[in-house]
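# Topology and contacts: notes
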Amino acid sequence: MKRLSLQWRITLMTALLIGVTCIIMNLLLSYSGRHYMDSIGSHITGGAAETGEPDFFEPGQDKTDRELTIIIHGAQESFITSNRYITAAVTLLGGVLAYFLSGRALKPLRTFSSRIEKVQPNNLTDMKITEEVLPEFRQFGRSFNQSLDGGFTAQRQFTGNAAHELRTPLSLMQAQLELFSAEHPDVLPETADFLRLLREQTERMTQMTKTLLEMSELRTVPCTDRIELAPMIEEIFTDLAPLAEKKGITLESTGDGIMTGSDTLIYRMLYNLTENAIRYNRPDGTVRITVTEKEDRLVVRVTDTGGGIPEQYRDSIFQPFFRVDKSRSRENGGVGLGLSLVWEIASLHGGAVRVEESSENGSTIAVTLPADGGQNP
């Protein structure tokens, strides 16, 4: 019984209840039916005329008609048999109905369960349960939301504390390496290569801690700036022009839109998407940014001509430290936080980001943002 699902438990218990009820009703009806048939038989054979009251039908009496006895006895047996069939049919039908009705009744629980299964470290804020649920689930939903808030706060606090603690020793290491390299310019080639590797990895770790610190402090950034996207995109293209020219990438943009948010964060979001599209593009490829507005939403699409993103990774790429190709990410200096920061910034502004389409001819990442200035508190 413990291994059965809740739906099957409800079904079996309901079928058992219906079966027991039908059996009790069957016994009562059988007793009542036999009593009335005996009374009818007593009337027909004249017992009622002699005593003034209907007697029970006694098939063994001398004055009883044998054919009538057979008829009444057969009717009684048929009545009992019919009751048994009806009991079985009603129990089976009740069990089937209970199964489907319990399935509908448990649908909110299944929805709740599937929602919990989708919880990921980077989507805690989107997994909250609304108040539009059954009364029995409201307290459960409130407790779940409180758990999410606690986990989200703990995650932010840990990330911020770790970044703060790492920033100081990394800065000291970086300064000492720069100082040593400046004071010892004539070191052996092997030592020079070793120092260069140390400087690169220290710089990489410094950038990682800086990004983690930014992610932990996103909620404290005011989102009240009036932002025009077209001029911002042109500024991003200017800043990334050296990287694009190095790989022969053509940068294009169309469309414009106005929104309210953090100018610094929206710039960082679009910068990360554009830089990512350039770094993982084919040589002599194209990166195109289009801005469209539909009703009260802005859709910013960043399209590249790279090798595409495998379908199984299209949701995972927005998780912290996830990289599709780790070797290429190391070559390009990636640490797996750029797209995660994009997701955080979009969520902070009441928007969302997703891989809209991807193939061997390129990918399109779409960011949806509110055009009317609405954002999360």
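Just so you know, these numbers come straight off a predicted model, no measurement behind them.

### Considerations on the overall build of the protein
Looking only at helices and strands, the protein features ten helices and seven strands. Here the protein, with 377 residues, has 36% of them falling under the buried criterion. Of the contacts formed within the protein by residues at least 6 apart in sequence, a portion of 70% connects residues at least 24 apart. Working note: accessible area of the protein is about 23000 Å², and carbon and sulfur atoms make up 57% of it.

### Details of unusual backbone geometry
The residue D284 is not glycine, and still its phi comes out positive at about 60°. For D284, a relative accessible area of 65% corresponds to the exposed category. The backbone phi angle of E295 is positive, close to 55°, even though this residue is not glycine. Structurally, E295 is set in the loop between strand 4 (286–294) and strand 5 (297–304). We classify E295 as exposed; its relative accessible area is 75%.

### Regarding the pattern of salt bridges
Counted according to the given criterion, the structure contains six salt bridges. The closest approach of N and O atoms between R226 and E228, which form a salt bridge, is 3.4 Å. Taking relative accessible area as the criterion, E228 reaches 37% and is therefore assigned partly exposed. Beyond isolated ion pairs, a larger network of salt bridges with shared partners links R301, R354 and E356.

### Concerning the side chain of N272
Within the element layout of this structure, N272 appears in helix 8 (residues 263–279). For N272, a relative accessible area of 8% corresponds to the buried category. For N272, the residues in contact, after removing those within four places along its chain, are G338, L341 and V342.

### Overview of the nonpolar core
L229, I266, M269, L270, F318 and V367 are the most contacted members of the largest nonpolar core, which has 48 residues in total. Of all the elements in the fold, those that place two or more residues in this core are helix 6 (189–216), helix 7 (229–247), helix 8, strand 4, strand 5, helix 10 (338–348), strand 6 (352–359) and strand 7 (362–370). Excluding its chain neighbours within four sequence positions, the residues that come into contact with L229 are D256, G257, M259, I266, L270, V291, L298 and V300.

### A look at helix 8
With 17 residues, helix 8 extends 24 Å from end C-alpha to end C-alpha; this agrees with the ideal 24 Å at 1.5 Å per step. Looking only at helix 8, the buried set comprises L265, I266, Y267, M269, L270, N272, L273, T274, E275, A277 and I278.

### Considerations on the confidence of the model for the protein
Detail in the predicted coordinates should be disregarded across regions flagged by low pLDDT. On average, the protein scores 76 in pLDDT, and the residues at 70 or more come to 68%. Across residues 47–57, where pLDDT falls below 50, the model places 25 contacts with residues more than four positions away in sequence or in other chains. Scored below 50 in pLDDT, residues 373–377 shows twelve contacts in the model against residues more than four places distant or in partner chains.

### Quick word on the sheet that holds strand 2 (residues 250–254)
Strand pairing in a sheet is mediated by backbone hydrogen bonds. Such pairs are either parallel or antiparallel. With mixed pairing, five strands are arranged side by side in an open sheet as 2-4-5-7-6. Two strands in the sheet have a free side with no partner beyond their single neighbour: strand 2 and strand 6. Going across the sheet, the axis of each strand differs from the next one's by a mean of 15°, ignoring polarity. Bridging between strand 4 and strand 5 involves eight bridges; their strand directions are antiparallel. Bridge pairing links I289 to V302 in strand 5. Each of strand 2, strand 4 and strand 5 is contacted by helix 7, which is oriented at about 175° to strand 2, the strand it contacts most.

### Concerning the packing of helix 8 against helix 10
Put simply, helix 8 and helix 10 touch, their axes get as near as 9 Å, and they point 145° apart. In terms of crossing hand, the pair formed by helix 8 and helix 10 is left-handed. Residues L265, I266, R268, M269, N272, L273 and N276 of helix 8 form the contact with helix 10, whose own contacting residues are G338, L339, L341, V342, I345, A346 and L348. Residue composition of the contact of helix 8 with helix 10, by class: ten nonpolar, three polar and one charged.

Rules behind the numbers
- Residues numbered from 1 in each chain as written.
- Predicted model: local features only at pLDDT ≥ 70, side-chain atom pairs only at ≥ 80, totals over all residues.
- Heavy atoms only, no water.
- Helix = DSSP H or I, 4+ residues; strand = E, 2+ residues; numbered from the N terminus.
- Buried < 20%, exposed > 50% of the residue type's maximum accessible area, 1.4 Å probe, protein only.
- Contact = heavy atoms within 4.5 Å.
- Areas by Shrake-Rupley, 256 points an atom, 1.4 Å probe, with all protein chains shown as cover.
- Salt bridge = Lys/Arg side-chain N within 4 Å of Asp/Glu carboxyl O.
- Core = buried A, V, L, I, M, F, W, Y, C linked by side-chain atoms within 4.5 Å.
- Expected span 1.5 Å × (residues − 1).
- pLDDT = per-residue confidence, 0-100.
- Pairing = 2+ DSSP bridges.
- Axes fitted to C-alpha atoms, helices over the stretch in contact; angles between N-to-C directions.
- Left-handed = near helix turned anticlockwise from the far one by under 90°.
- Nonpolar A, V, L, I, M, F, W, Y, C, P; charged D, E, K, R; others polar.

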